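Residue strings, one per chain:
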Amino acid sequence: ACLEAVEQVEGQLGCFVTLTPELARAQAEAVDAQVAAGAPLGPLAGVPVAVKDNLCTAGVPTTCSSRILASWRPPYDATAVARLVAAGAVVVGKTNLDEFAMGSSTETSAFGPTRNPYDPSRVPGGSSGGSAAVVAAGAVPLALGTDTGGSIRQPAALCGVVGLKPTYGAVSRYGLIAFASSLDQVGPLAQTVGDAAALLDAIAGHDPMDSTSLPEGVLPCHRALDRGVAGLRIGLVRELVEAEGIEPGVRRRVEDAAEALAAAGAAVEPISVPELALGLPAYYLIAPAEASSNLARYDGVRYGLRVDGADVEEMQARTRAAGFGPEVKRRILLGTYALSAGYYDAYYAQAQRVRTLIVRAFERAYEQADLLLGATTPTTAFPLGAKVEDPLAMYLSDVFTIPTNLAGHPALSVPFGTDEAGLPVGVQLLAPALAEPSLVAAGAVLE
Ligand code: GLN
């Protein structure tokens, strides 16, 4: 039924790079066999999931929506994928993303854009746009996304679904194709907070294959679902509500969410964290710097595409010129510049100092509040093409989500109604490291 539902929406929305019906059937049959044998079932037995196409799947193309990896099939599964399958989940396909997860609209994919099920003339957000759109369309209940600066929460908000970025290190990055290694995290997109919690519980936990994987667990999250918010202190963050450029319809919904949490027993107080405004400029030095280094491995020798040349240098130049799209090239150039001798201290090192300021600002905020509340994005879903010519306008889509990644903290986007035009609005809950259960408890109150 799920494969049929996917086929029905796929023509209009373009959520997938690769569909995996044979794999899905084989995994579903394995679950059936367990049922027939009376064997114990995993927590996600038989549940279909979609997987963002920057997570490795053994034998199944994993492209990062880039021409440079279009023909590449990894020999192994990412830990998050392997854990889902071990939990009984059924992988129905690999979802579309902005090329190498660089973007906020899923328009930089080499294989064409994904569309928003609420209004197919609009973007689903990005970079996990395929995962968000297919869950929003109701075709697949759960999907994996990745969030480096907002790529789970921003598309979740624009598509009216739940998206959770876990604490850095809570979910293994083994088999996640690296964009910015100190920021990347794998996490769930789902129709409900409970589903997102169940998915997170299945993929989280220590992994010896990822040296940044945390030794201790955060979980389980699903047990916090009915905990409520009575007695919790929630800070309504001025910089995430009153910022310049925020749409009035978005702001109103966040204020309504604050009232709903207060009505459920939380102590909601306004709070100001001015350092959050420094997140975007710091991120656009640190993330491209790490990307320029991570993407050096696509040299025409080790992975994917090769375009021949007279010598190795020309082969590499031609391969990279043909294989990467314009946004990826812009990031590589920005990052290489920021790391180069003579500019390193002024840009990269300075951005790292700013990152520390943001971490300290969050520490101070969490002395006053258990959770923070604000908008996920300044606007609702925008029309396709509206920001492709203006990278800075596109970068601003993540101004509210990026600080969390710089601090390594978890955050949740929950759909909370629509604006006047009927487009979904997401509200964002932020928490200190490993406080995912509190996010789940508060998020469930807003459903
Ligand atoms: N939109 C941001 C960027 O382009 C964040 C992307 C992400 O989280 N992967 O870098």
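Bear in mind that the values here come from a model prediction, so they are computed numbers and not experimental data. (Residues numbered from 1 in each chain as written. Predicted model: local features only at pLDDT ≥ 70, side-chain atom pairs only at ≥ 80, totals over all residues.)

Trainee: How would you summarise the confidence of the model for the chain if you had to cite specific residues and measurements?
Mentor: A residue-level look at the chain finds 100% of positions with pLDDT of 70 or above and a mean pLDDT of 97. At the low end of the mean pLDDT range in the chain sits helix 12 (residues 391-395), at 95; at the high end sits strand 4 (residues 142-147), at 99. Scoring the predicted complex yields pTM 0.98 and, for the interface, ipTM 0.98. (pLDDT = per-residue confidence, 0-100. Helix = DSSP H or I, 4+ residues; strand = E, 2+ residues; numbered from the N terminus.)

Trainee: So what about the UniProt feature "active site" (unreviewed entry) in the chain? Which residues, and what values?
Mentor: Under the present numbering, the feature "active site" (unreviewed entry) in UniProt falls on Lys52, Ser127 and Ser151. Over a stretch of 100 residues, the named residues converge on one spot in the fold, their C-alpha atoms separated by at most 10.9 Å. Within the element layout of this structure, serine 127 appears in the loop between strand 3 (90-95) and helix 4 (129-136). Every residue in contact with serine 127, bar those within four places of it in the chain, is listed here: Leu97, Asp98, Ala101, Met102, Gly103, Thr106 and Ser151. The residue serine 151 is located in the loop between strand 4 and helix 5 (153-159) in this model. Ignoring anything within four residues of it in the chain, the contact list for serine 151 reads Ala101, Gly126, Ser127, Ser128, Gly145 and Thr146. (UniProt positions renumbered as here; feature names shortened; annotations may be inferred. Contact = placed C-beta atoms within 7 Å.)

Trainee: Residues and numbers for the pairing of strand 5 (residues 162-165), please.
Mentor: Of the two faces of strand 5, the one holding Val162 and Leu164 and the one holding Gly163 and Lys165 are both buried throughout. Two elements, strand 5 and strand 6 (residues 185-190), share two bridges in a ladder whose sense is antiparallel. Across the sheet, residue valine 162 finds its bridge partner in strand 6, namely alanine 190. In this sheet, strand 10 (residues 411-418) lies alongside strand 5 in antiparallel orientation, the contact comprising three bridges. Counterpart to leucine 164 in the pairing with strand 10 is leucine 412. (Buried ≥ 20, exposed ≤ 12 C-beta atoms within 10 Å, placed from the backbone. Pairing = 2+ DSSP bridges.)

Trainee: Talk me through the environment of alanine 190; I want residue IDs and the actual numbers.
Mentor: Examined against the element boundaries, alanine 190 turns out to sit in strand 6. The contact partners of alanine 190, leaving out residues within four places of it in the chain, are Val135, Pro141, Leu142, Val161, Val162, Asp195, Ala196 and Leu199.

Trainee: Outline the environment of aspartate 53, listing residues and values.
Mentor: With respect to the helices and strands, aspartate 53 occurs in the loop between strand 2 (48-52) and helix 3 (79-86). For aspartate 53, a count of 30 C-beta atoms within 10 Å puts it in the buried group. Along the primary structure aspartate 53 and valine 359 are separated by 306 residues, whereas in three dimensions their C-alpha atoms are 31 Å apart. With near-sequence residues (within four places) excluded, aspartate 53 lies in contact with Val17, Thr18, Thr62, Thr63, Cys64, Ser65, Lys94, Thr95, Asn96 and Leu97.

Trainee: Can you tell me about the nonpolar core, naming the residues and giving the values?
Mentor: Ranked by size, the top nonpolar core spans 141 residues in total, and within it Val49, Val134, Val140, Leu371 and Leu373 carry the most contacts. Not counting residues within four places of it along the chain, the set of residues in contact with leucine 371 comprises Leu232, Ile234, Leu429, Leu430, Ala431, Ser438 and Ala442. (Core = buried A, V, L, I, M, F, W, Y, C linked by C-beta atoms within 7 Å.)

Trainee: Tell me about the site of the ligand, and please be specific about residues and values.
Mentor: Around the ligand, the structure places 13 residues, and the nearest of them are Ala101, Ser104, Thr148, Gly149 and Ser151. Residue composition of the shell around the ligand, grouped by class: four nonpolar, seven polar and two charged. (Near = placed C-beta within 6 Å. Nonpolar A, V, L, I, M, F, W, Y, C, P; charged D, E, K, R; others polar.)

Trainee: Give a detailed account of the sheet that holds strand 3, specifying residues and quantitative values.
Mentor: Across the sheet, which stays open at both edges, the 11 strands sit in the order 1-3-2-4-6-5-10-11-9-7-8 with mixed pairing between neighbours. The open sheet has two edge strands, strand 1 (16-19) and strand 8 (267-271), and neither has a second partner. When the angles between neighbouring strand axes are averaged without regard to direction, this sheet yields 30°. The strands touched by helix 1 (residues 2-13) within the sheet are strand 1, strand 2 and strand 3, with strand 3 carrying the most contacts at an inclination of about 15°. Across the sheet, helix 4 is in contact with strand 1, strand 2, strand 3, strand 4, strand 5 and strand 6; its angle to strand 4 comes to roughly 150°. (Axes fitted to C-alpha atoms, helices over the stretch in contact; angles between N-to-C directions.)

Trainee: Tell me about helix 2 (residues 21-37), and name the residues and values.
Mentor: Every α-helical turn comprises 3.6 residues, leaving residues that sit three or four positions apart pointing alike. For helix 2, with 17 residues, the first-to-last C-alpha span of 24 Å sits near the 24 Å given by 1.5 Å per residue. Immediately downstream of helix 2, the backbone of glycine 38 shows phi near 70°, a positive value. (Expected span 1.5 Å × (residues − 1).)

Trainee: I'd love a proper account of the packing of helix 8 (residues 279-294) against helix 11 (residues 345-368), names of residues and values included.
Mentor: Relative to each other, helix 8 and helix 11 sit at 130°, their axes nearing to 9 Å. The orientation of helix 8 relative to helix 11 falls into the category oblique. As for how helix 8 packs across helix 11, the hand of that crossing is left-handed. In contact with Gly279, Ala282, Leu285, Ile286 and Ala289 of helix 8, helix 11 contributes Tyr347, Tyr348, Ala351, Gln352, Val354, Arg355 and Ile358. Its residues assigned to classes, the contact of helix 8 with helix 11 shows nine nonpolar, two polar and one charged. (Parallel < 35°, antiparallel > 145°, perpendicular 65-115°, else oblique. Left-handed = near helix turned anticlockwise from the far one by under 90°.)

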